[in-house]
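Residue-level structural notes
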Amino acid sequence: MTQDEMKQAVADAALACIRPKLESNTVLGIGTGSTANLFIDALAGIKGLINATVASSEASAARLKSHGIVVYELNTVDQVDFYIDGADECNAALQLIKGGGAALTREKIMTAVAEEFICIADESKLVHTLGQFPLPVEVIPMARSHVARELVKLGGDPIYREGVVTDNGNVILDVYNFSIPQPLATEEKINNITGVVTNGLFALKPADVLLLGTTDGVQTIYAE
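The paragraphs below set out a description of the structure included in this document. Counting of residues starts from 1 at the beginning of each chain's written sequence and follows it residue by residue. Whole-chain, interface and lining totals are the exception, using all residues; otherwise, since this is a predicted model, local features are given only for residues with pLDDT of at least 70 and side-chain atom pairs are given and counted only at 80 or more. Calculation of side-chain values draws on the structure's entire complement of heavy atoms; hydrogens and water are dropped beforehand.

Considering the layout of surface pockets
As a reminder of what qualifies: Site definitions follow a grid-based scheme: protein atoms alone, a 1 Å grid, a 1.4 Å probe that fits but cannot get out for cavities, and for pockets an open set with protein on both sides within 12 Å along at least five of seven lines, plus lining residues having an atom within 4 Å of a point. Grid points are joined across faces, edges and corners, and a volume is the space filled by probe spheres set on the points. What counts as a helix is a DSSP run of H or I of at least four residues, what counts as a strand is a run of E of at least two, and both are numbered from the N terminus. By the convention adopted, Pro, Cys, Tyr, Trp, Phe, Met, Ile, Leu, Val and Ala count as nonpolar, Lys, Arg, Asp and Glu as charged, and the other residues, Gly among them, as polar.
Size it by volume and the largest pocket reaches roughly 300 Å³. If you list the elements that add at least two residues to the lining of the largest pocket, you get β2 (52-55), α3 (58-66) and α4 (104-113). Across the lining of the largest pocket, the residue classes break down as eight nonpolar, three polar and four charged. Of the pockets and cavities examined, the second largest pocket occupies roughly 190 Å³. As for the second largest pocket, its lining consists of 15 residues, of which Thr32, Gly33, Ser34, Ala87 and Asp88 are closest to the centre. Residue contributions to the lining of the second largest pocket peak at three residues, all from helix α2 (residues 34-43). A class-by-class count of the residues in the lining of the second largest pocket yields two nonpolar, eight polar and five charged.

Right, here's the structure in full:
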């Protein structure tokens, strides 16, 4: 399979996973990115079975609505039963790096409220140690330089993602050359820097299950 075929396979597998569990009051949380977009497109085929969705970005909300799928604000629903989203990197503990699409804060909120987080990714995203993909950090604009200096102290090389403003009106620093052998501690440490909204480590609340697209098909992986 090509990488695109793997992405399509995991999107289809996620749909097959949740379809038997859909009930009249089920709320689906939908993530952001190329793999999540394929899942959104797959949802269009069963939109009559979907009660409600909530989205982690304006772009995903617009794509859902273009298919005629109902999208609610998170504050108006009582629960999110399943959250389906991709990842930029994943380790064996299903701890992730996310935020390549600059939606990391809303994605992290969605994982916090979801009953089950299903991560969908192709095999290129599975790594032994997180950090090969630059770690996104969402920052209040006036704190950008301060946060960058603090990230340098932690051993990273922060680069301002020029021209990008998040849906929350903030900016992104991408931290390069930053191996992350202890994701839990690193997530907390970066979040404690004044001016940081959140960072793209999903270690305190990792995925519950990973549907991984490989050349041999889709593997279902649970956290070690």
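Having seen it, we continue.
A word on the sheet that holds strand β11 (residues 201-202)
The following threshold applies: Pairing between two strands is assigned when DSSP locates at least 2 bridges connecting them.
One open sheet accounts for three strands, arranged β4-β5-β11; its pairing is antiparallel. At either margin of the open sheet sits one strand with a lone partner, and together these are β4 (89-90) and β11. Bridge analysis of β4 against strand β5 (residues 96-97) gives two bridges, and the strand direction is antiparallel. Bridging from a neighbouring strand, Glu89 pairs with Ile97 of β5.

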